[in-house]
Amino acid sequence: MIYDHRTYVCRPGTIRKQLALYAEHGFAAQRRILGEPVLYAQTETGDVNAFVHIWRYEDAADRAARRANLAADPEWLAYLARSAEAGYLVSQVNTLLTSAPFMEE
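Residues numbered from 1 in each chain as written. Predicted model: local features only at pLDDT ≥ 70, side-chain atom pairs only at ≥ 80, totals over all residues. Heavy atoms only, no water.

### Comments concerning the confidence of the model for the protein chain
Which entries qualify depends on this criterion: pLDDT expresses how confident the predictor is about each individual residue, on a scale running from 0 to 100. The secondary structure listing takes helices from DSSP runs of H or I that are at least 4 residues long and strands from runs of E that are at least 2 residues long, numbered from the N terminus.
This prediction gives the protein chain a mean pLDDT of 95; 99% of its residues lie at or above 70. Within the protein chain, the lowest mean pLDDT, 95, falls on strand E2 (residues 39–42), and the highest, 98, falls on helix H4 (residues 74–86).

Below you can see the structure in the form of structure tokens.
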């Protein structure tokens, strides 16, 4: 099992707008293709302009296949265009994680 942990940072004062845009135009497409996220949350302390989401995949091949399907999905592509046009996001960090040996999956 691998986990794709993503942190996005928004321009100050725009995180609510970005999350609303995603809720309306992106979340359904992403869930349809990637499945349910392990976590989707916004930062309460620290960088309050950031949000995080984590998706679970069986392995690297599963992740690659689902991400390729997402990248070809018209609904997702329309969301990406809206998001880029809005310009709320300023940075993104992706980290792939595996469970520690003592964790049950």
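There's more to say after this.
### Let's talk about the packing of helix H1 (residues 15–25) against H4
Definition in use: All axes are obtained by fitting lines to C-alpha atoms, using only the stretch in contact for helices, and the reported angles, taken between N-to-C directions, cover 0 to 180 degrees. To sort the angles, those under 35 degrees are grouped as roughly parallel, those over 145 as roughly antiparallel, those from 65 to 115 as roughly perpendicular, and the leftovers as oblique. Each crossing is labelled by how the near helix is turned from the far one, with a counterclockwise turn of less than a right angle marking it left-handed and a clockwise turn marking it right-handed. Only heavy atoms enter the contact rule, under which two residues are in contact if any of them lie within 4.5 Å. Only Asp, Glu, Lys and Arg are considered charged in this grouping, and only Ala, Val, Leu, Ile, Met, Phe, Trp, Tyr, Cys and Pro are considered nonpolar; every other residue, Gly among them, is considered polar.
Running from N to C, H1 and H4 point in directions that differ by 160 degrees, and their axes come no closer than 10 Å. In this view, H1 runs roughly antiparallel relative to H4, as classed from their interaxial angle. By crossing handedness, the relation of H1 to H4 is classed as right-handed. In this structure, H1 uses Gln18, Leu21, Tyr22 and His25 to contact H4, whose residues at the interface are Glu75, Trp76, Tyr79, Arg82, Ser83 and Ala86. Broken down by class, the residue content of the contact of H1 with H4 amounts to five nonpolar, three polar and two charged.

### A short note on the packing of aromatic side chains
Working definition: an aromatic ring pair is given by the centre-to-centre distance plus the angle between the planes. Applied cut-off: Pairs were defined over the aromatic rings of Phe, Tyr and Trp, the Trp ring being its six-membered one, requiring ring centres within 6.5 Å. Orientation was assigned from the angle between planes: stacked under 30 degrees, edge-to-face over 60, tilted for the rest.
Taken as a whole and judged by the stated rule, the model has seven aromatic pairs. With a centroid separation of 5.6 Å and an interplanar angle of 50 degrees, the aromatic rings of Tyr22 and Phe27 are classed as tilted. On the basis of an interplanar angle of 70 degrees and a centroid distance of 6.1 Å, the ring pair of Phe27 and Tyr40 is categorised as edge-to-face. With a gap of 13 residues between them, Phe27 in helix H2 (residues 27–34) and Tyr40 in strand E2 connect regions that are remote in the sequence. Here a set of aromatic residues connected by ring pairs shows up, and it is made of Tyr8, Tyr22, Phe27, Tyr40, Phe51, Trp76 and Tyr79.

### Considerations on the sheet that holds strand E1 (residues 2–10)
Rules: Here the rule is simple: two strands pair whenever DSSP picks up at least two bridges between them.
Judged by pairing direction, the sheet is antiparallel, and its four strands sit side by side in the order E2-E3-E1-E4 without closing on themselves. This sheet does not close on itself; its edge strands, each paired only once, are E2 and strand E4 (89–98). Strand-to-strand, the axes of this sheet are offset by a mean angle of 15 degrees, without reference to chain direction. The pairing of E1 with E4 spans nine bridges and is classified as antiparallel. Paired with Val9 across the bridge in E4 is Ser91.

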